[in-house]
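Per-entry structural report
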Amino acid sequence: MDKSLTNFFRHVLPEHGRYLMRTLPRGQNQFYNSIPELVHAAEARRELPGQYFTVASLGKDDNGAAANVIAMRSHRLDIDAGGDKFARDPDGVYPDRDAAWAATADFVRLTQLRPTFVVSSGAGLHLYFCLSEDVTPDEWLPVANLLKRACKATGFKADPTCTADAARILRVPEWMHTNGNRVTILRAAANAVYTNDEFGEVLSRFAPKSDSIDDILPRRARGATVLRLLTDGKHS
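Attention in this report is confined to the structure presented alongside it. (Residues numbered from 1 in each chain as written. Predicted model: local features only at pLDDT ≥ 70, side-chain atom pairs only at ≥ 80, totals over all residues. Heavy atoms only, no water.)

Comments concerning the pairing of strand β5 (residues 69-79)
Taken across its eleven residues, β5 has ten buried, putting it largely inside the fold. The pairing of strand β4 (residues 57-58) with β5 spans two bridges and is antiparallel. When the sheet's bridge partners are listed, Ser57 is paired in β5 with Ala71. Direction of pairing for β5 relative to strand β7 (residues 124-135): antiparallel, over a ladder of seven bridges. (Buried < 20%, exposed > 50% of the residue type's maximum accessible area, 1.4 Å probe, protein only. Helix = DSSP H or I, 4+ residues; strand = E, 2+ residues; numbered from the N terminus. Pairing = 2+ DSSP bridges.)

Below you can see the structure in the form of structure tokens.
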């Protein structure tokens, strides 16, 4: 069994639940009941491009939707780079990987939050900030939104959709990219692990305050709160 991939998955994925691999562009989903099963399946597809995994664990339903996510164990950033993409979106993309690396280093120096893993993806980077325990999506999302706002406030060009998407799929490290290059783990720091609370506390120093209900309240609390506000309004 691939020790590097096993170590990676054990850090970024929760201990319990089901795990998903997806093959693109076909969109074929495969579910596994343990991390060893996931690694074994990934090894069988090592030379096949377009292999992704959900950065969360899933419940009993056979889908990879956010409503089926039951636990998280990492926060992540997708840092896009490349000349063509930069020409189309200079405000959201870096011109090349060197520029993406330099911006990552600036963000780490500023926040003192080291990523547990830095993974190459095409010309860009995936950053994983791993947690010391599993957290629910409701616990994870407010901190993910803090990370999104901290990146924006500090000028770090991270894809905001990826940052706060509980059901996000990302490329499997050490496997083939569709461009013919291998996705690789560029840096690993096993001791860079955080509690969800301490990670959020650090980010709060850099993230401007938000009045969005999505940032303040857990997902399951929003409907009841909105209903109460509407009801209170009717009786005022």
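As for the pattern of salt bridges
Once their charged atoms are close, side chains differing in charge can pair, the charge on each being opposite to the other. Under the definition given, this model contains six salt bridges. Glu15 is paired through a salt bridge with Arg73; the nearest N and O atoms lie 4.0 Å apart. With a gap of 58 residues between them, Glu15 in the loop between α1 (3-12) and β1 (19-23) and Arg73 in strand β5 connect regions that are remote in the sequence. Judged by relative accessible area, which is 54%, Glu15 ranks as exposed. Measuring nitrogen to oxygen at the nearest pair gives 3.2 Å for the salt bridge that ties Arg168 to Asp165. Through salt bridges with shared partners, a single ionic network connects Glu15, Arg73 and Asp134. (Salt bridge = Lys/Arg side-chain N within 4 Å of Asp/Glu carboxyl O.)

Quick look at the sheet that holds strand β8 (residues 169-171)
Overall, antiparallel pairing links the four strands, which are arranged β2-β1-β3-β8 in an open sheet. In this open sheet, the two edge strands, each paired with only one partner strand, are β2 (28-32) and β8. Pairwise comparison of adjacent strand axes, ignoring direction, gives a mean angle of 30° for this sheet. Sheet analysis places β1 next to β2, joined by five bridges and oriented antiparallel. If you follow Arg22 over to β2, its bridge partner there is Asn29. Sheet strands touched by helix α2 (residues 35-44): β1 and β2. Its angle to β1, the strand with the most contacts, is close to 15°. (Axes fitted to C-alpha atoms, helices over the stretch in contact; angles between N-to-C directions. Contact = heavy atoms within 4.5 Å.)

Here we look at the layout of surface pockets
Each pocket or cavity is described by its volume, and for the largest pocket that value is around 220 Å³. Lining the largest pocket are 16 residues, with Gly92, Lys157, Ala158, Asp159 and Pro160 sitting closest to its centre. Secondary structure elements with two or more residues in the lining of the largest pocket: β5, α5 (137-154) and α6 (160-163). Here the element with the most residues in the lining of the largest pocket is α5; it accounts for four residues. Across the lining of the largest pocket, the residue classes break down as seven nonpolar, two polar and seven charged. (1 Å grid on protein atoms, 1.4 Å probe; cavity = no way out; pocket = protein on both sides within 12 Å on 5 of 7 lines; lining within 4 Å. Points joined across faces, edges and corners; volume = space filled by probe spheres on them. Nonpolar A, V, L, I, M, F, W, Y, C, P; charged D, E, K, R; others polar.)

Some details on α2
Those residues of α2 that sit buried are Ile35, Leu38, Val39, Ala41 and Ala42. Seen from one end, α2 has its buried residues packed into an arc of 165°, which puts them on one side. Turned more than 90 degrees away from the buried face of α2, the exposed residues are His40 and Ala44. Against α1, β1 and β2 lie the buried residues of α2. Capping of α2 at its N-terminal end is provided by Ser34; its side-chain oxygen lies 3.2 Å from the backbone amide nitrogen of Glu37. (Arc of directions from axis to C-beta. Polar contact = N/O pair within 3.5 Å; in protein donor to acceptor, adjacent residues only side chain to side chain.)

What about the side chain of Thr54?
Mapped onto the secondary structure, Thr54 falls in strand β3 (residues 51-54). Its relative accessible area of 1% is what places Thr54 among the buried residues.

Some details on the environment of Tyr128
Following the sequence through the fold, Tyr128 ends up in strand β7. According to the relative accessible area criterion, Tyr128 is buried, its value standing at 0%. As a C-alpha pair, Tyr128 and Pro115 span 13 residues in sequence and 5.5 Å in three-dimensional space.

A few points about the environment of Thr154
Mapping Thr154 onto the fold places it in helix α5. Measuring from C-alpha to C-alpha, the distance between Thr154 and Phe107 comes to 7.5 Å, with 47 residues separating the pair along the chain. When sequence neighbours within four positions are dropped, the list of residues in contact with Thr154 reads Phe107, Leu110 and Phe206. At 2.8 Å, the side chain of Thr154 forms a polar contact with the backbone oxygen of Ala150. Within the local environment of Thr154, its side chain forms a polar contact with the backbone oxygen of Cys151, the two atoms lying 3.3 Å apart.

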